[in-house]
Amino acid sequence: MRKLLVLFLLVMASRVNGQIFTQTYIDKCTGEIKLVVSSPLPNGGVMIAFYNQIKTFDASQVNNGTVQKWLNDVYQDYSTRPCPVSTVVTQTVQQTVSQAAAAAAASAAASAASAAASSAASGAASSAASSAASGAASSAASGAASGAASGAASGAASGAASGAASGAATGGSSSPPAASGGSSGGSSSSGGSSSSSSESKSSGGSTEQKSESKAETKSESKSESKSESKTEEKKEESKKEEKKKEDDKKKEEEKKKEEDKKKKQSISNPTLVASDLAITETKDGKYAAMISTGISKSSMTGTESWGLTSMIWTTFDQFALNGGYTKMNFKQGKLKDIDSYSITAAYLQGNLMIMQGYTYIKPDPKIGTYGYNIGIVSLLLKNGNRYDYSASVSAIGFWTKIYPLNKKSSLAPQIFITSSPISWNPSTNQTLVNRQYGFMTGFSYDFKLTGRFGLNFNYKFSGSTQPETPILHNFMIGSRIML
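Residues numbered from 1 in each chain as written. Predicted model: local features only at pLDDT ≥ 70, side-chain atom pairs only at ≥ 80, totals over all residues. Heavy atoms only, no water.

Draft legend 1. Highlighting the overall build of the protein chain. Each helix and strand in the protein chain was counted, giving five helices and 18 strands. Across the 483 residues in the protein chain, those meeting the buried criterion constitute 30%. Restricting the contact set of the protein chain to residue pairs at least 6 apart, pairs at least 24 apart contribute 49%. Accessible surface computed for the protein chain: about 28500 Å², of which carbon and sulfur atoms make up 58%. (Helix = DSSP H or I, 4+ residues; strand = E, 2+ residues; numbered from the N terminus. Buried < 20%, exposed > 50% of the residue type's maximum accessible area, 1.4 Å probe, protein only. Contact = heavy atoms within 4.5 Å. Areas by Shrake-Rupley, 256 points an atom, 1.4 Å probe, with all protein chains shown as cover.)

Draft legend 2. Layout of the pairing of strand E10 (residues 351-364). Residues Asn 351, Met 353, Met 355, Gly 357, Thr 359, Ile 361 and Pro 363 point to one face of E10 and are all buried, whereas Leu 352, Ile 354, Gln 356, Tyr 358, Tyr 360, Lys 362 and Asp 364, pointing to the other face, are not buried. With 13 bridges connecting them, E10 and strand E11 (residues 368-383) associate as antiparallel partners. The residue of E11 that forms the bridge with Leu 352 is Leu 380. What sits between E10 and E11 in their antiparallel hairpin is a turn of three residues. (Pairing = 2+ DSSP bridges.)

Draft legend 3. A look at the nonpolar core. Val 88, Val 89, Met 353 and Phe 416 are the most contacted members of the largest nonpolar core, which has 28 residues in total. With residues near it in sequence (within four places) discarded, Met 353 still touches Ser 86, Val 88, Thr 344, Ala 345, Ala 346, Leu 348, Val 377, Ser 378 and Leu 379. If you look at the next biggest cluster of nonpolar residues, it comprises nine residues, including Ile 48, Val 62, Val 67 and Trp 70. (Core = buried A, V, L, I, M, F, W, Y, C linked by side-chain atoms within 4.5 Å.)

Draft legend 4. Structural view of the pairing of E11. Sheet topology places E11 next to strand E12 (residues 386-400); 15 bridges connect them, and they run antiparallel. The residue of E12 that forms the bridge with Asn 373 is Ile 396. Counting the residues in the hairpin turn of E11 and E12 gives two residues, including Gly 384, whose phi is positive at 70°.

Draft legend 5. Local environment of unusual backbone geometry. Here the phi dihedral of Gln 332 falls at roughly 55°; this positive angle occurs in a residue that is not glycine. Position of Gln 332 relative to the elements: it lies in the loop between strand E8 (318-331) and strand E9 (334-348). The exposure class assigned to Gln 332 is exposed, which follows from its relative accessible area of 79%. Unusually for a residue other than glycine, Gln 349 sits at a positive phi of about 50°. Inspection of the secondary structure assignment puts Gln 349 in the loop between E9 and E10. We classify Gln 349 as partly exposed; its relative accessible area is 26%.

Draft legend 6. Up close: the pattern of salt bridges. Counting across every chain of the model gives three salt bridges. A salt bridge links Asp 276 to Arg 480, with the nearest nitrogen and oxygen atoms 2.9 Å apart. Of the two residues, Asp 276 is situated in strand E5 (residues 271-281) and Arg 480 in strand E18 (residues 472-482); the sequence distance between them amounts to 204 residues. (Salt bridge = Lys/Arg side-chain N within 4 Å of Asp/Glu carboxyl O.)

Draft legend 7. Spotlight on the packing of aromatic side chains. Enumeration over the complete set of coordinates arrives at 13 aromatic pairs. Here Phe 319 and Tyr 347 contribute two aromatic rings whose centre-to-centre distance is 6.4 Å and whose plane-to-plane angle is 35°, an arrangement assigned as tilted. In this pair, Phe 319 sits in strand E8 while Tyr 347 sits in strand E9, placing the two residues 28 residues apart along the sequence. Assessed through its relative accessible area of 37%, Tyr 347 is described here as partly exposed. For the pair Tyr 358 and Tyr 372, a centre-to-centre distance of 6.3 Å together with 65° between the ring planes defines the contact as edge-to-face. Here Tyr 358 is found in strand E10, whereas its partner Tyr 372 is found in strand E11, with 14 residues between them in sequence. (Phe/Tyr/Trp six-rings, centres within 6.5 Å; stacked < 30°, edge-to-face > 60°.)

Draft legend 8. Spotlight on a nonpolar patch on the surface. Side chains of Leu 277, Ile 279, Tyr 287, Ile 291, Leu 405, Leu 411, Phe 443, Tyr 445, Phe 457, Phe 475 and Ile 477 sit close together on the surface and give an oily, nonpolar patch of about 910 Å² of accessible area. Only E5, strand E6 (287-298), strand E16 (438-448) and E18 provide two or more residues apiece to the nonpolar patch. Looking at the secondary structure, you find Leu 405 in the loop between strand E13 (403-404) and strand E14 (409-425). (Patch = residues over 30% accessible without salt bridge, like charges linked within 9 Å, V, L, I, M, F, W, Y side chains within 5 Å.)

Draft legend 9. Representation of the side chain of Thr 303 within the structure. Here Thr 303 shows up in the loop between E6 and strand E7 (304-313). Look at Thr 303 and you get buried, because its relative accessible area is 18%. Setting aside chain neighbours within four positions, we find Thr 303 in contact with Thr 326, Lys 327, Met 328 and Phe 330.

Draft legend 10. Up close: the side chain of Thr 280. With respect to the helices and strands, Thr 280 occurs in strand E5. Classification of Thr 280 as buried rests on a relative accessible area of 16%. The residues contacting Thr 280, other than those within four sequence positions of it, are Lys 286, Tyr 287, Ala 288, His 473 and Asn 474.

Draft legend 11. The arrangement of the confidence of the model for the protein chain in detail. Model confidence for the protein chain is summarised by a mean pLDDT of 73, while 62% of its residues fall at 70 or above. Averaged pLDDT values for the elements of the protein chain fall to 46 in helix H1 (residues 2-17) and rise to 93 in E16. Confidence over residues 1-7 falls short of pLDDT 50; this stretch has eleven contacts with residues more than four positions distant or in other chains. Across residues 9-19, where pLDDT falls below 50, the model places 24 contacts with residues more than four positions away in sequence or in other chains. (pLDDT = per-residue confidence, 0-100.)

Draft legend 12. View of the environment of Thr 92. Note on placement: Thr 92 falls in helix H4 (residues 87-173). Judged by its relative accessible area of 3%, Thr 92 falls in the buried class. Sequence separation between Thr 92 and Ala 320 is 228 residues, and the spatial gap between their C-alpha atoms is 9.9 Å. Excluding its chain neighbours within four sequence positions, the residues that come into contact with Thr 92 are Met 311, Asn 322 and Thr 344.

Draft legend 13. Structural context of the environment of Pro 467. Relative to the elements of secondary structure, Pro 467 occurs in the loop between strand E17 (453-464) and E18. Sequence separation of Pro 467 and Gln 436 is 31 residues, and the distance between their C-alpha atoms is 9.4 Å.

In structure tokens form, the structure reads like this:
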């Protein structure tokens, strides 16, 4: 009421001396300094700007209390209107969602690449094993055939030689005896001669048998020696081939392990550095620029990451610092969902704001990335030598999906639904319930100059179901680099 009284007196004074008067006040939602402007008109009237509303009054309306009633109505309407979700909050959630969507896309790509590599490795290993088994079987069959042939040849040669030797021996012993006759002396002489001849034949048969036996032994020995030599050579060759294949397989496995290790390190241990220039339109039609710089680092497994982001307005009268922790939850090797926790502290033209938030992110290959953010916003508004405290709950639902245009660029439509359902002001002991919703929609375009460096352009327009809320435009240009 004190502000209203001051304003009324200023209006009356402006009517008297014809000068322009201004009065400042602090916006209860943003902490920004606003102006109450009263400007006299030539006909004795006055034009007043109050809480983003402008109206012209004549002298009679100033005198009969119309101006006072209008001021009361405007103030009452604004004081009972819940605060919209802060720009700092929406900017923080946008960055969290963008990083999470990019991480989800990278995880999906890594899983696909890993599955493809695993399938290829499995196929190669199967082919190598099949080839090795085939070679071993072929070598074994060849060795067995060679051994069988050698054994058959040896047996046949041995049998033939034995038969020949046996036949020769039988022929020598069954030769017909010499004819007997004459006197006993002749007979005796003849008998001696026959005996000598028989001994001679017998001796000759024995010599032949020994010769044949030696020939058989030598033939068998040579044949067996050659067969055994060939079999051993083939076995040695087979062993060498198997050993070579095993060595090659081990080398391939080691090489694959090294490549997988490098890929895993490059995917799961990135350091992301981001820098953005955001230009937002305010309700009074002006544009404010904000520069944000952030850095995030993931753990060795890639399932956890920590980030720090600073936001500085180009007017250098507003600053914010955000810290966050993100946990990626996997199930059966696939990314299930993402949990993100953050805390933000801001200095807004002499006022202070602290926000704690939780963001749930669900990546889906078909639907896209969606989720929600719940935050508790505490605002300390400077009022002279003291601070007025107020608290509110912010709720944001979002959806986005990345559509690759080519190998270097992608387009991602985005939708945000914002609300501040409950707010509480202990200084006035007021608890307000807000049934109005805000919305923000647009797109994000990413272009990769190299594998580690890329640019980003983002456009969104925002509005609200609250009557007389204008459509506001927001632009953002940023860069990303992976270290």
